[in-house]
Structure formats: structure tokens, C-alpha cells
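Working through the structure, step by step
The primary structure of each chain is shown beneath.
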2 protein chains.
Amino acid sequence: MRVTIKDVAKAAGTSTATVSKVINGSHTISKATTDRVNDIIHELKYHPNSQAQNFAKRASMNIYFLTRLDKNIAFENPHMFEIMSGVQKILDKRGYTLSVKGVNEKEACAVVEQAVMQNSADAFIVHASVISRPLSRLLIESESAHIVIGYPNFESRLCWIDTNNHLSGEIATKHLIDSGFKRTAFIGGRAGDMISWHRIKGYEDALKEASISVPKTFLKQGDSTFHDGRRMMLQLLKLKNRPDSVVCANNYIALGAVEAIQSQGLSIPEDIALITFDDYPFSKTVEPMLTVVNIDVFDMGIQAGNYVLNKIKKPNFQVQSYTTLPELIVRESTRK
Amino acid sequence: MRVTIKDVAKAAGTSTATVSKVINGSHTISKATTDRVNDIIHELKYHPNSQAQNFAKRASMNIYFLTRLDKNIAFENPHMFEIMSGVQKILDKRGYTLSVKGVNEKEACAVVEQAVMQNSADAFIVHASVISRPLSRLLIESESAHIVIGYPNFESRLCWIDTNNHLSGEIATKHLIDSGFKRTAFIGGRAGDMISWHRIKGYEDALKEASISVPKTFLKQGDSTFHDGRRMMLQLLKLKNRPDSVVCANNYIALGAVEAIQSQGLSIPEDIALITFDDYPFSKTVEPMLTVVNIDVFDMGIQAGNYVLNKIKKPNFQVQSYTTLPELIVRESTRK
DNA sequence: TGTAATTAGGAAAACGTTTTCATGTTCGGT
DNA sequence: ACCGAACATGAAAACGTTTTCCTAATTACA
């Protein structure tokens, strides 16, 4: 038979109310009683029944994490795991549970709707890729604690946390400029890729600020793949007056670019410096090791977790957005 | 005010017991009553309070998924997401919730121990990378429903589901042999990499079965990276009597190998055919598209989910292991 | 010293289900 | 027409906490 709060109360010679208060850290119990109850709890190896607790507290102690979870996500969005990890670490500390829901836009709505009705989640952490207008409305109207990871692609009153890709682009470009490079090119993703788009804008702004102008042909856009990275880099190398440095919108493109440069007998960074974004494992295993502008996604998860827990406690707490700052990690590929 | 089961009972002119039975699909309720109750449920927009349900049922309706969740996992083990996805899909259907726990070996033990004591999980799905002897003992002694994804690296009575890497190696090699290649090499991971090890064994067995013998130098082992893949492939190409085909233990090695082959002005599959394992997104974006031996990891997740749910219902159900079958996907890289 | 304020702790209700068991009703078979 | 079996339903207990009052005891203050 399980040991319940009643057993503890009896053994400690108190009421269950007192035991409950000790467990939940109420300050209306004297030190002496608290100690005694805690001793008994230890002795009897009492563990509160979490379902009973949740039930009595009218809280699910459950946070939903909604994201796409399909075949390619690990490569397209490798950060997801680490964000999840950060979130989970925080929730764990506070006794919350992280429920992962692999959904598309449509399913996300259904899941949240059901959870709101059934009260089966205390908050929602939603990846931007599954946010839709209906979902946005749902979250806001139900007054659910929530946070969006990344920026929803439309205006809304949702709370979100994101990286500053524009700033990342600036930092990367500025690093090259500061290192003495004058002719910096950019290889980016396609038009619809907002992350790449912001990084491009940052690149352009950094050039403008340094009063450097480069040919229009220095900006390339294509798929975010090794293959297209190589292809575009080769095009850049064929220019009559080729760039002395290049910013790659992401690691896959960078890998292709590295390959292209080396295939032409050129070397990095002597002939062309190269910088990219996000610190993937192969940023360090490739030759030369890549300089990157990174963001601490684990920390992003921690912040997101803290935010929703705080929001659960104090629903009036009003903050709409967080932005995490990028950091420059200088390695061989830009070291002159 | 929330609408509760009592409201439904009152409106339907029945007892709460009847409503409860309707909700839970007991077959002792007449069709007429069932319909009437369901109508009322719809009309009143009643949604059972899940915490109350869990409490009354003494079930947490929670399944823990324990896995490493660190920075590199998305690349080292990109399958994880999809397995998770498969599991979640099944659990969702049955009203269970998937709680993801990012843990190392040590933490895994603590998490399971606590969950067992508090009764906060109905089953555990554990990735082999966080399995330890103490955890194994814990799971077995507590008689918890569980399944290990992958094979624990020691004998135990744990239930597990895994792919047949040995068979995969055989299939890959046999495909090359059947396509008419006579001199097949293998580029594998390091000695400790059990996945690679099994694939190598499969390769050797397939050669043996076809009575083909190749030089010892045809078997290379190194890191599972683009870089080492290229390096080892270049070594193979330098052999006086070079191979006409190669099996790469994984996609990263394969990518390096492709690069190495093409850098020598050779072409795939005309000069050298190439086959690898697991269908990653870049298997299709690389030139030429790679033939792979794949396993359906989503389906693996589904099976794992089904298994634990079944085990929860029927604790006596005795099956210790599942093995999923690999399938060959022929693309350009082996098409003569 | 008397009174108000504070503190420590307990009794019992409440939370919303499920489940057990008893009961009345219907049915098939003789 | 009668009997036992099968069926459909309901009353009430149970699940293990938290929480809301309430009371008694102590303290603080004038």
C-alpha cells in the first residue's frame, strides 16, 4: 500500500493540512513542526501523489511544446533540440513536465484548443513554424500563458522570443570589415527565408555604415544546401574582381562555399575569408575551422521556460518579447 | 464556471456513473442512453477534467521519453526527432502525453526513480544512449512498462526495439554485388561505433556468401565526418588496384567520399558506385543522388508507442524485442 | 494587566472523476 | 405464468491532496 499524506500526518501527530503546508512551503508552520514532518516524510519515504496534487491544485503542471517534428527538422532546425533541452531543464526544477507535440499548423490549433478546454496544459511554447492566425487568436483569447520561439510572420499580440538576425548579420560583416577586408560578398537563402533575409539586411547595413560599397553581384541567393553554396561561391570566384571575404547565411551554404574555394586552389582565409552563423558541430571539424556568429539557444530555452512559469504565477506580468544577443566566435576562417 | 460531469448527468437525467461510462466506452450502457448523453455532452461543450480523470484512474496518462538532448544530438542522431514523432502520434490517439526528458545516464536514473515513486509516468521510452546498469535494474525491479530504443550495450532483460544493422550492411553490399560490382570497399566509423561495426559485419558476410574476396585494405575506419570520409576515400583511390564500389557507414562519410571521388575527376557510379545508410535530406540533394539502405524510424516510433501502451494494459504481455527491417532505396549512385 | 494583533495548527469541505455493488427491469426458456 | 440470467442504471464511496475557515495560544503594546 502506498504511503499517503495521512500516514505522515498520523506519524507526525499533526493534521494533513499541516503536512500539506510543509510540503508546499507555507511559512505559517513553525520550524519545529516543519522539521518533524520532514523527518517523518523521509523516514516513511513519502512521495506525494502528483495526480492528486494536480487535481487539488487545479493545475496540470504540464507545459506543451508545439513544433514541427518531421523527417527533416533535425537538419533544417537543429536548434530545436537544444531549446527544448533548456526549457525542460527549467521546468523540471519547478516540478513541471514538458509535453512535446509534433504538429503542423492545423494540428497545432486543434491541440491547443483541446488543451484549453480540458485544462490539460498550463502554458504553451510554440515554434514559429506552426503559428497561424487562428492559433494566435486562440492563444490570446483564451489568455493562455504562452511564448513563441521565433517571430510569427504576421503582426500579433503574441509573446515571442527570437534571435536578432539582423544584428547577427551586422556583427558578422563588421568583423570582416574590422579585420581589414574591403570586398565582402554574401551568400544567402532564397527570398522566403526570413532568417536569411534579416542577415542580409544586417550585412547591407554594416557595409553602409562603414561606407563600403560592393557590386550588386556580390549578393547571391539560392537554396540552403551544400550544393547551392558551392555553386554560388563558384560564381563569385568567377567575377573579374572577386570578393576578398564572404558571409554565408548558414552552415550548409558555408560548407559548400569552403569546398568551392578550395577546389579552385585558393585558401581560407588567405585568399578569401569566410564567416557564417550558428555553431554546428561541423563548424569545428571542417578545415579550416569556421568563424561564426552564434546564439546561445540553450539559454533561449531557459528564458522561454522562465517566462512562461512566471506568467503562470503572475498573469498580469506584461512583456511581449525577448531578443537574445548573438556572440562572435572567431576561428581560423577569418584570422588573417 | 466549468461544466462538470454533474451538469451533464443532470441535463441528461442520468447519474454521473452513467455519463462516466459513456465517456469511457463501457458497453453496459444502452444505445439510446449513450446517444442522449453524447448529445448533451456536445450541447454543453463538456470536456472532462483530465486531472480529475487521472486522479480517479490512478494513472498519470504520461509516458516519459528519456534521451540525451545536447547540442550535437540533432546531427549525431537525427532520427530521434522522427522516432519521437511516431511515438507521440500513437500516444496522442490514446489520450496519453509524451514528456520529453533530456538527460544523461546519471540523470536518467534519478528521473525514473522519482517517477516510479511518485507514479508520475505510466511507461518509459528510453534511448539506448542513456541506459546504464542501475537504470536497467530500476526499470526491471519496478516492473515498469518500458522500451529501449536501440540496443543496450550489455545483456539485460530490458525490452528493446532496434534496427538490424547487420542486415543493412548485407543488403547494401549484396545490392552492389548483384549490380555486377566485384571489388567493394567499406568506409566505416571507429571501433567503438556499434552501428558501424554491425554494418561492417554485414558487409563481410555478404562478400563471403558471394565468395568474393577483397584486399584487407578495402576496409577503412575513421571518424564519422565529411573530413574523414574524404580522407579515407582518397586513400582507397590511391590503391594500385582500386575498388569499383564502396559502402559508406553513414551519410557524413558518404558526403566526404563523394567529394573525394569527384575531386579526382572520377564519376559516380561509372567509375565507382557508392551506397550508404539512412535517408537524410542531403542524400537526395547531393549530386548524384545517393542509393541508401533506409529504415523507417517513424514507424519504429509507432511500434515503440504501441508496445508500451499494450504493456500498460496487459502487464503480462511478454515480448522482449522488436527489430525493424531495412529497405533499399535505389538512386543514381549505384545505377550502372 | 488587559486587550488587540499575530501566530500555529486543525477540522472539514472541496476538487471531478471512476468504480463497486446493489437493484430493478427485461428476456428467453420451460 | 414462472424462474433464472442477462442487462441497464444509480447511489455512494473512494481517490489523496489543497484550501478555507476557525480556534486556541502566544505575543506586543498601551
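In this text, all values refer to a predicted model and were calculated from it rather than measured experimentally.

Turning our attention to the protein's contact with DNA strand D. Close to DNA strand D lie 28 residues; Ile5, Ser20 and Asn24 of chain A together with Thr18 and Thr33 of chain B are nearest. Ser15 of chain B places a main-chain nitrogen or oxygen 3.0 Å from a phosphate oxygen of DNA strand D. Counting only elements with at least two residues in the surface near DNA strand D, the list comes to helix 2 (16-23) and helix 4 (50-57) of chain A together with helix 2 (16-23) and helix 4 (50-57) of chain B. In terms of residues, the surface near DNA strand D owes the most to one element, helix 4 of chain A, which gives 5 residues. Grouping the amino acids of the surface near DNA strand D by side-chain chemistry returns 11 nonpolar, 13 polar and 4 charged.

The subject of this paragraph is the interface of chain B and chain A. As a measure of interface size, the accessible area lost when the parts come together is often cited. Residue-level contacts link 51 residues of chain B with 50 residues of chain A. Taken together, both faces of the contact between chain B and chain A bury some 4600 Å²; the carbon and sulfur share is 57%. The largest share of the area that chain B buries against chain A comes from Gln51, Phe75 and Phe81 of chain B, three residues that together contribute 17% of it. Note that Lys101 of chain A and Asp92 of chain B form a salt bridge whose closest N and O atoms lie 3.3 Å from each other. Among the elements that line the side of chain B that touches chain A, the one with the most residues is helix 6 (residues 79-93) of chain B, at 7 residues. In the side of chain B that touches chain A, the residues fall into 22 nonpolar, 19 polar and 10 charged.

A few words now on the environment of Ile63 of chain A. Residues and elements named next belong to chain A. The residue Ile63 is located in strand 1 (residues 62-67) in this model. Exposure remark for Ile63: the relative accessible area of 0% places this residue in the buried category. In contact with Ile63, other than residues within four places in its own chain, are Leu91, Tyr96, Thr97, Leu98, Ser99, Asp122, Ala123, Ile125, Leu309 and Ile312.

Attention now moves to the relation of the copies chain B and chain A. Relating one copy of the chain to the other requires a rotation about an axis plus a shift along that axis. After a rotation of 180° and a shift along the axis of 0.1 Å, chain B superposes on chain A with an RMSD of 0.1 Å. What the superposition gives is, in effect, a two-fold axis relating one chain to the other. Across chain B, the smallest distance between a C-alpha and the rotation axis is recorded for Ser99 of chain B, namely 2.2 Å. By residue overlap, the copies meet face to face through one surface: 98% of the interface positions of chain B are interface positions in chain A.

Taken together, 29 residues are adjacent to DNA strand C, and Thr18 and Thr33 of chain A together with Ile5, Ser20 and Asn24 of chain B come closest. Among the atoms of DNA strand C close to the protein, meaning within 4 Å, 63% are from sugar or phosphate groups. Thr18 of chain A places a side-chain nitrogen or oxygen 2.4 Å from a phosphate oxygen of DNA strand C. Thr33 of chain A is positioned with one of its side-chain polar atoms (N or O) 2.4 Å from a phosphate oxygen of DNA strand C.

Moving on, we get to the packing of helix 11 (residues 226-238) of chain B against helix 12 (residues 251-263) of chain B. Residue and element names in this part refer to chain B. Closest axis-to-axis distance for the helix 11/helix 12 pair is 7 Å, and the angle between their directions is 45°. Classed by the angle they form, the pair helix 11 and helix 12 counts as oblique. In this structure, helix 11 meets helix 12 at a crossing whose hand is right-handed. Of the residues in helix 12, those touching helix 11 at Phe226, Gly229, Arg230, Met233, Leu234 and Leu237 are Tyr252, Ile253, Leu255, Gly256, Ala257, Glu259, Ala260, Ile261 and Ser263. The class makeup of the residues in the contact of helix 11 with helix 12 is 10 nonpolar, 3 polar and 2 charged.

The subject of this paragraph is the sheet that holds strand 8 (residues 245-248) of chain B. All names here are of chain B. Ordered by their spatial adjacency, 6 strands build an open sheet running 7-6-8-9-10-12, and the pairing between neighbours is mixed. Both edges of this open sheet fall to strand 7 (219-221) and strand 12 (327-329), since each of them pairs with a single strand only. Neighbour-to-neighbour, the strand axes of this sheet turn through a mean angle of 20°, independent of strand direction. The pairing of strand 8 with strand 9 (residues 273-277) spans 3 bridges and is parallel. Residue pairing in the sheet places Val246 in a bridge with Leu274 of strand 9. This element, helix 9 (residues 165-178), spans strand 6 (184-188), strand 8, strand 9, strand 10 (291-294) and strand 12 of the sheet and lies at about 165° to strand 9.

As assigned here, chain A comprises domain 1 (5-48), domain 2 (62-158) and domain 3 (165-295 + 329-334). Computed from C-alpha coordinates alone, the two centres of domain 1 of chain A and domain 3 of chain A are separated by 62 Å.

Residue and element names in this part refer to chain B. With respect to burial, strand 2 (residues 97-102) is a largely interior element, 5 of its 6 residues being buried. Where strand 1 (residues 62-67) and strand 2 come together, 6 bridges link them in parallel fashion. Paired with Asn62 across the two strands is Thr97, which belongs to strand 2.

With that out of the way, let us pick up the pairing of strand 9 of chain B. All names here are of chain B. Judged by how many residues are buried, strand 9 sits mostly within the fold: 5 of 5 residues are covered. Alternating residues of strand 9 divide into Ala273, Ile275 and Phe277 and Leu274 and Thr276, and every residue in both groups is buried. In terms of handedness, the path from strand 8 via helix 12 over to strand 9 forms a crossover that is right-handed.

Following the sequence through the fold, Glu82 of chain A ends up in helix 6 (residues 79-93). Its relative accessible area of 11% is what places Glu82 of chain A among the buried residues. When the C-alpha atoms of Glu82 of chain A and Asp296 of chain A are compared, they prove to be 9.3 Å apart, with 214 residues separating the residues in sequence. The residues contacting Glu82 of chain A, other than those within four sequence positions of it, are Val297 and Phe298 of chain A together with Lys71 of chain B.

Calculation rules
- Residues numbered from 1 in each chain as written.
- Chains lettered and ligands numbered in written order.
- Predicted model: local features only at pLDDT ≥ 70, side-chain atom pairs only at ≥ 80, totals over all residues.
- Heavy atoms only, no water.
- Near = heavy atom within 4 Å.
- Polar contact = N/O pair within 3.5 Å; in protein donor to acceptor, adjacent residues only side chain to side chain.
- Helix = DSSP H or I, 4+ residues; strand = E, 2+ residues; numbered from the N terminus.
- Nonpolar A, V, L, I, M, F, W, Y, C, P; charged D, E, K, R; others polar.
- Contact = heavy atoms within 4.5 Å.
- Buried area = accessible area lost by both parts, 1.4 Å probe.
- Salt bridge = Lys/Arg side-chain N within 4 Å of Asp/Glu carboxyl O.
- Buried < 20%, exposed > 50% of the residue type's maximum accessible area, 1.4 Å probe, protein only.
- Least-squares fit on C-alpha atoms with pLDDT ≥ 70 in both.
- Axes fitted to C-alpha atoms, helices over the stretch in contact; angles between N-to-C directions.
- Parallel < 35°, antiparallel > 145°, perpendicular 65-115°, else oblique.
- Left-handed = near helix turned anticlockwise from the far one by under 90°.
- Pairing = 2+ DSSP bridges.
- Domains from an automatic or database assignment.
- Right-handed = clockwise from strand over helix to strand, strands pointing away.

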